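Now for the letters of each chain:
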Amino acid sequence: MKLRVRATKVGKVRFTSHRDAARMWERALRRAGLPVAFTEGFTPRAKISFGLALPTGAESIAEYVDIELQRDVAADDVDLTTLPARLSDALPNGFDVLAAGEREPGVDSLQEAVTSCTWQLWSAQLTAEDHRDACRLLESTELVLERERKGKRSADDVRPMIIDLRPDPTGDRLIADLVTIGRALRPGELAELAYPNIDARDVRALRTHQWLDDDGTRREAIPLPADVDVNTLAVLT
């Protein structure tokens with residue numbers, strides 16, 4: 001049996017790297033007493049996998065973790081209703097499991113299936129007018145950004161990676177839909193383009209959705225529970 005959970009990474013834990021966060025999850029699964037399957041060999045590891053890596057410093061209310069349980073565990077052996085609270089209690093502050101479900105057999109991994117993400121960007125240095133101005137990036141046919149990878153610099157046209165930009169209902173934040181296929185545009189890189197007059201490191205980023213493409217219709221692997229208010233979570237961060 002395989003499980004898929006949706007979790008947060010908000011607050012100070014946003015500075016935890018993806019690798020360290022994975023170790024925290026392994027320890028939390030042991031503390032929660034979940035019968036997780038392990039790899040074989042001299043250094044057995046819990047059989048868990050993560051969705052798209054979250055840039056260090058960014059926050060999220062849409063992190064996914066796939067967990068493989070031991071073969072003799074049946075679906076009825078795990079109470080999915082209480083599992084989110086059980087795992088949240090075992091995780092550090094800032095990591096909270098919002099929902100859990102059984103992963104259907106044969107589905108693509110999250111890294112293969114996710115095609116776009118929705119982000120919120122904001123800073124105390126930015127005004128509603130700044131966010132409206134940032135939306136003008138959509139009018140450009142080309143947006144060349146200098147990027148560095150493995151010590152090599154390149155100039156890439158990142159305009160095709162931006163699906164949509166819009167202010168949120170309060171006007172205090174920018175909502176960005178970004179493509180994830182290929183070399184994705186990071187929220188920090190978008191901030192460089194959208195707000196050239198401030199240091200992009202001062203712009204906070206919150207991932208709110210990871211989208212799958214279902215025959216042209218986007219959907220989430222696990223929707224945000226109805227009782228979770230995105231705006232409230234964002235304010236708390």
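Look up a bit, the structure's there.
Residues numbered from 1 in each chain as written. Predicted model: local features only at pLDDT ≥ 70, side-chain atom pairs only at ≥ 80, totals over all residues. Heavy atoms only, no water.

### Describing empty space enclosed by the protein
Once rolled over the atoms, a probe with the size of a water molecule shows which space is left empty.
Right, so step 1: Going through the model one piece at a time under the given rule, you end up with one cavity of 30 Å³ or more.
Right, so step 2: Reported here for the largest cavity is a volume of approximately 150 Å³.
Right, so step 3: Forming the walls of the largest cavity are 15 residues, and the residues nearest its centre are H18, A21, W25, F50 and E63.
Right, so step 4: For the lining of the largest cavity, a count of residues per class yields nine nonpolar, four polar and two charged. (1 Å grid on protein atoms, 1.4 Å probe; cavity = no way out; pocket = protein on both sides within 12 Å on 5 of 7 lines; lining within 4 Å. Points joined across faces, edges and corners; volume = space filled by probe spheres on them. Nonpolar A, V, L, I, M, F, W, Y, C, P; charged D, E, K, R; others polar.)

### Description of the nonpolar core
Right, so step 1: Ranked by size, the top nonpolar core spans 35 residues in total, and within it W119, L121, L165, L185, L190 and Y195 carry the most contacts.
Right, so step 2: Among residues more than four places away in sequence, those in contact with L121 are H131, R173, L174, P187, L190, A191, Y195, V203, R204 and A205.
Right, so step 3: Core analysis: the second largest hydrophobic core is formed by 28 residues, V5, A21, A28 and L29 among them. (Core = buried A, V, L, I, M, F, W, Y, C linked by side-chain atoms within 4.5 Å. Buried < 20%, exposed > 50% of the residue type's maximum accessible area, 1.4 Å probe, protein only. Contact = heavy atoms within 4.5 Å.)

### Notes on the side chain of R14
Right, so step 1: Inspection of the secondary structure assignment puts R14 in the loop between strand 1 (2-9) and helix 1 (18-32).
Right, so step 2: For the buried residue R14, which engages in no salt bridge, the nearest side chain bearing the opposite charge is E59, 4.1 Å off.
Right, so step 3: Here R14 is in contact with K9, T56, G57, A58, E59 and R204, once residues within four sequence places are set aside. (Helix = DSSP H or I, 4+ residues; strand = E, 2+ residues; numbered from the N terminus. Lys, Arg positive; Asp, Glu negative; His and termini not counted. Salt bridge = Lys/Arg side-chain N within 4 Å of Asp/Glu carboxyl O.)

### Focus on the packing of aromatic side chains
Right, so step 1: All chains considered together, the criterion is met by zero aromatic pairs.
Right, so step 2: R173 extends its terminal NZ or CZ atom over the ring of W122, reaching a point 3.5 Å from the ring centre.
Right, so step 3: The positively charged end of R218 is found above the aromatic ring belonging to W211, 3.9 Å away from the centroid. (Phe/Tyr/Trp six-rings, centres within 6.5 Å; stacked < 30°, edge-to-face > 60°. Lys NZ or Arg CZ within 6 Å of the ring centre and 35° of its normal.)

### Considerations on the environment of I181
Right, so step 1: Examined against the element boundaries, I181 turns out to sit in the loop between strand 9 (174-179) and helix 5 (187-194).
Right, so step 2: Separated by 67 residues in sequence, I181 and V114 have C-alpha atoms that sit 8.0 Å apart.

### Regarding the environment of G182
Right, so step 1: Tracing the backbone shows G182 in the loop between strand 9 and helix 5.
Right, so step 2: For the pair G182 and D89, spaced 93 residues apart in sequence, the C-alpha separation works out to 36 Å.

### Some points on the layout of surface pockets
Right, so step 1: The volume enclosed by the largest pocket comes to roughly 610 Å³.
Right, so step 2: Taken together, 26 residues form the lining of the largest pocket, with A53, T180, G182, A184 and R186 sitting closest to its centre.
Right, so step 3: Those elements that provide at least two residues to the lining of the largest pocket are helix 3 (110-113), strand 5 (114-122), strand 6 (144-149), strand 9 and helix 5.
Right, so step 4: Counted by class, the lining of the largest pocket contains 13 nonpolar, five polar and eight charged residues.
Right, so step 5: Counted as a void, the second largest pocket has a volume near 410 Å³.

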